[in-house]
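If you want the building blocks of each chain, they are given just below.
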Amino acid sequence: MMKISSLIVVGVLAIAAPLDAQKVRLEVVLPPQPTWAEEAPAVLSAGLLADASMRDLLANGFPARLHYRLERWTAGRWFDDLKAAFEWDVILKYDVLGKKYQVVRVVNKKAESLGDYPGVVEAESAVEAAYKVGIRLPKKGERGYYNLLLDVETLSLSDLDEVQRWLRGELKPAVSGKKNPGTAVGRGVRTLVVRLLGGEKRHYEARSGTFRP
């Protein structure tokens, strides 16, 4: 039986990394060996939202978006080949009036609430809980590996108004890219505020070991 290392982690930030980034963990967990061609891997993470600047932004009503992309590659002698990919988002937002954190997962333009939480620690646990990915599985004898890409950003950098629509279930405008031109100035101000507070896009990657079902 081939021994599999489930995790190789590389954390790369778009700008200078805060010290707390050293605590980030991102993991692709393979199922038991007999089910590699029948059962999807799971994604686990920890520490993605733990640094002080990110928590300050969340507490002040700036949502965070975690965009995941899991890829399945076949390993060739000379070149590797991308065979399948699956993407999803997790959004974390603090409701200032309700004094609660809201967590939503968006898959294929459909939003699923992962719950409301009184504190940021509980909300982080929901964001970082294991998620079994709906990716197309390898065939028997197909040697390959999984590669996970994750972008974490403060959503003012994209569009805070779109996030509000996501959380209300109005996904079509947000996903299709239709925006209200009247919010352009507001988006620019919010982006400036976020950058002044230290919020930026962060990129992480993790890869499973090579396996053959």
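Residues numbered from 1 in each chain as written. Predicted model: local features only at pLDDT ≥ 70, side-chain atom pairs only at ≥ 80, totals over all residues. Heavy atoms only, no water.

**Comments concerning the environment of Tyr94**
Step number 1: Residue position: Tyr94 is located in strand 5 (residues 81-95).
Step number 2: Once the C-alpha coordinates of Tyr94 and Pro118 are considered, the two residues, 24 residues apart in sequence, prove to be 9.5 Å apart.
Step number 3: Those residues in contact with Tyr94 that sit more than four places away from it in its chain are Leu58, Ala59, Gly61, Lys99, Lys100 and Tyr101. (Helix = DSSP H or I, 4+ residues; strand = E, 2+ residues; numbered from the N terminus. Contact = heavy atoms within 4.5 Å.)

**Structural notes on the nonpolar core**
Step number 1: Within the largest apolar cluster, 38 residues are counted, with the highest numbers of intra-cluster contacts made by Tyr68, Trp88 and Leu148.
Step number 2: Of all the secondary structure elements, the ones that give two or more residues to this core are strand 2 (25-29), helix 1 (52-59), strand 4 (64-74), strand 5, strand 6 (100-107), helix 2 (120-128), strand 9 (144-154) and strand 10 (202-207).
Step number 3: When residues in this core are grouped by element, the largest group, 6 residues, is from strand 5. (Core = buried A, V, L, I, M, F, W, Y, C linked by side-chain atoms within 4.5 Å. Buried < 20%, exposed > 50% of the residue type's maximum accessible area, 1.4 Å probe, protein only.)

**As for the sheet that holds strand 2**
Step number 1: Reading across the sheet, the 3 strands line up as 2-3-8 and stay open at both edges, with antiparallel pairing between neighbours. Both outer strands of the open sheet, strand 2 and strand 8 (131-132), are each paired with one neighbouring strand and no more.
Step number 2: Pairing geometry for strand 3 (residues 42-46) and strand 8, over 2 bridges, is antiparallel. Residue pairing in the sheet places Ala42 in a bridge with Lys132 of strand 8. (Pairing = 2+ DSSP bridges.)

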